[in-house]
Amino acid sequence: MNSEREAVIDLAAIRHNVHRLRQVAAPAKVMAVVKANGYGHGAVPVARAALDAGATWLGVAHIDEGLELRAAGIDAPVVAWLHTPASDFESAVDAGLDLGVSGWELDQIAEAARKLARPARVHLKIDTGLGRNGCPPQLWENFIGQAVAYQEEGLMRVVGIFSHLAVADETERPETDDQVDRFREAVAVAEDAGVDVEVRHLANSPGILSRPDTHFDVVRAGVSMYGLSPFDDQTSTDLGLRPAMTLRTMIAHCKDVPAAHGVSYGFKYRTAAATTLGLVPLGYGDGIPRIATGGPVAVDGRRYPVVGRIAMDQMVIDLEREGIAATDESVLGRPAVLFGPGDEGEASVDEWAAAAGTINYEIVTRISPRVPRRYVDGV
Ligand SMILES: *Cc1c(COP(=O)(O)O)cnc(C)c1O
């Protein structure tokens, strides 16, 4: 029961969040974004849970990530949207993956489709302002024309038009309005060119939760499906979401030390008084950012900030009680919970993100393969 270290993934929480997002997005459908191993939660189990809960699309960045879903027997529509000239478009078309396309990929995909004698399913991506992937507006008409030509040749089917939002997590910013306007214009150009657009998709989690005008036909839910808030000023609870990942371990050593004892590399911390230290066997090798000193670890329902440097394998908490190592109060072997939904008094992912100067997305996504995932269905 009490495992050495594990990321416990609650699939009931994933399903709850998908239901919640479906409700918010309706009548738009939900695409469950499971790139980067499902933001660290495990792509295949999360994809299955999301589909069970009524998500109808899956989204990934890389073709390889889509192929992993297919290899697991998942046959729902999957869109993969980030490619390089070395991407294996042939395997993608062969596996029936939908491909997000920003420009140069079109010819390579058409070539793959020709070879396989199977039309590729593509979603054309317009850059409405983000400045990353996507076709810039001045090339859009030409790009659409090329895609339509390939479609008429029977080499592809233009299934979707999509774009990605840049600042929707900051709900006051006006640039999202501009992005929505440009997106509508791009869709109009495609329709004028004779494209029968099945799905228009623009919204990410912040768009889903704060901007109904970004919903269109399908919304792409990432961080919110994992139960985390995309906003600085709203918690998971505020949004009706349940964090799906709990990161836990057990105390590996408990010992009494005198006042002014140094802790961990560089002696960045010295004990203020005689105290007891607890050793937490997780570190940056497990994906905990080294910079996150001060991050809270819950032991027996009480939270202790990490003191001193976080190392590759371990970090230390100061129990602020003197001389308990050899007593019944010793915490050796006690569960230590870094973050989770809060059921055991543990911190949120957001608090660890604050300690690390980053966002909740990064904290969960970086939990390394060294930490075994354990799947539960409610608790
Ligand atoms: C990662 C990603 C998403 C999901 O974003 P969240 O903010 O996690 O919901 C949606 N669309 C694209 C194109 C992405 O790359």
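The rules behind these values
- Residues numbered from 1 in each chain as written.
- Predicted model: local features only at pLDDT ≥ 70, side-chain atom pairs only at ≥ 80, totals over all residues.
- Heavy atoms only, no water.
- Helix = DSSP H or I, 4+ residues; strand = E, 2+ residues; numbered from the N terminus.
- Buried < 20%, exposed > 50% of the residue type's maximum accessible area, 1.4 Å probe, protein only.
- Contact = heavy atoms within 4.5 Å.
- Domains from an automatic or database assignment.
- Buried area = accessible area lost by both parts, 1.4 Å probe.
- Salt bridge = Lys/Arg side-chain N within 4 Å of Asp/Glu carboxyl O.
- Polar contact = N/O pair within 3.5 Å; in protein donor to acceptor, adjacent residues only side chain to side chain.
- Nonpolar A, V, L, I, M, F, W, Y, C, P; charged D, E, K, R; others polar.
- Axes fitted to C-alpha atoms, helices over the stretch in contact; angles between N-to-C directions.
- Parallel < 35°, antiparallel > 145°, perpendicular 65-115°, else oblique.
- Pairing = 2+ DSSP bridges.
- Near = heavy atom within 4 Å.
- Areas by Shrake-Rupley, 256 points an atom, 1.4 Å probe, with all protein chains shown as cover.
- 1 Å grid on protein atoms, 1.4 Å probe; cavity = no way out; pocket = protein on both sides within 12 Å on 5 of 7 lines; lining within 4 Å.
- Sits in = over half its atoms within 2 Å of the grid points.

**Student:** In this structure, what is going on with the environment of L51? I would like to understand it.
**Tutor:** Residue placement: L51 occurs in helix α3 (residues 43-52). For L51, a relative accessible area of 25% puts it in the partly exposed group. The sequence separation of L51 and V18 amounts to 33 residues, and the corresponding C-alpha distance is 8.8 Å. Discounting residues that sit within four places of it in the chain, L51 has contacts with T56, L58, I74 and A76.

**Student:** I tried to follow the domain arrangement of the protein chain on my own but got confused; where do I start?
**Tutor:** By convention, interface size is frequently given as the accessible area that disappears when the constituent parts associate. Domain assignment breaks the protein chain into domain 1 (11-226) and domain 2 (245-376). For the pairing of domain 1 and domain 2, the buried interface totals around 810 Å² over both sides, and the portion due to carbon and sulfur atoms is 60%. Seen at the junction of domain 1 and domain 2, the total is zero salt bridges. Our count for the domain 1 to domain 2 interface comes out at three residue pairs in polar contact (both at pLDDT 80 or more). Among the elements of the structure, α1 (11-25) and α2 (35-39) are those that each provide at least two residues to the side of domain 1 that touches domain 2. For the side of domain 1 that touches domain 2, a count of residues per class yields seven nonpolar, three polar and no charged.

**Student:** Quick question: what am I supposed to make of the packing of helix α6 (residues 105-116) against helix α7 (residues 137-152) here?
**Tutor:** A pair of packed helices is characterised by two quantities: the angle between their axes and the separation of those axes. Axis separation between α6 and α7 bottoms out at 11 Å; the angle between their running directions is 5 degrees. Between α6 and α7, the interaxial angle falls into the category roughly parallel. On the side of α6, the interface is formed by L106, D107 and A110, while α7 contributes F143, Q146, A147 and Y150. Residues belonging to the contact of α6 with α7 are distributed by class as follows: five nonpolar, one polar and one charged.

**Student:** Which parts of the structure should I look at to understand the sheet that holds strand β16 (residues 302-307)?
**Tutor:** Sheet strands line up and pair through hydrogen bonds in the backbone, either parallel or antiparallel. Strand order in the open sheet formed by nine strands is β11-β14-β17-β16-β15-β18-β10-β1-β19, with mixed pairing between adjacent strands. Because the sheet does not close on itself, it has two edges, and the strands there are β11 (253-257) and β19 (373-376). Strand-to-strand twist in this sheet, taken as the mean axis angle between neighbours without regard to direction, amounts to 35 degrees. Taken together, the four bridges between strand β15 (residues 296-299) and β16 define a ladder with antiparallel strand orientation. Bridge pairing links V299 to R302 in β16.

**Student:** Sorry if this is basic, but what is going on with unusual backbone geometry here?
**Tutor:** In terms of backbone geometry, most residues other than glycine have negative phi values and most peptide bonds are trans. With omega at 10 degrees, the peptide bond leading from A26 into P27 counts as cis. On the secondary structure map, P27 appears in the loop between α1 and β2 (29-33). We note that F267 has phi near 45 degrees; this positive angle belongs to a residue other than glycine. Structurally, F267 is set in the loop between β12 (262-263) and β13 (269-270). One non-glycine residue, D300, lies in positive phi territory at about 50 degrees. By the element assignment, D300 lies in the loop between β15 and β16.

**Student:** Please clarify how the site of the ligand should be interpreted in this entry.
**Tutor:** Near the ligand you find K35, Y39, W81, H164, N204, S205, P206, R220, A221, G222, V223 and Y361, and these make up its full shell. W81 is positioned with one of its side-chain polar atoms (N or O) 3.3 Å from an oxygen atom of the ligand. Contact distances for the ligand include 2.7 Å between a nitrogen atom and a side-chain N or O atom of R220. When the ligand is considered free in solution it has 390 Å² of accessible area, and contact with the protein chains removes 94% of it. The cavity where the ligand resides is the largest pocket. Of the residues belonging to the shell around the ligand, the class tally is six nonpolar, four polar and two charged.

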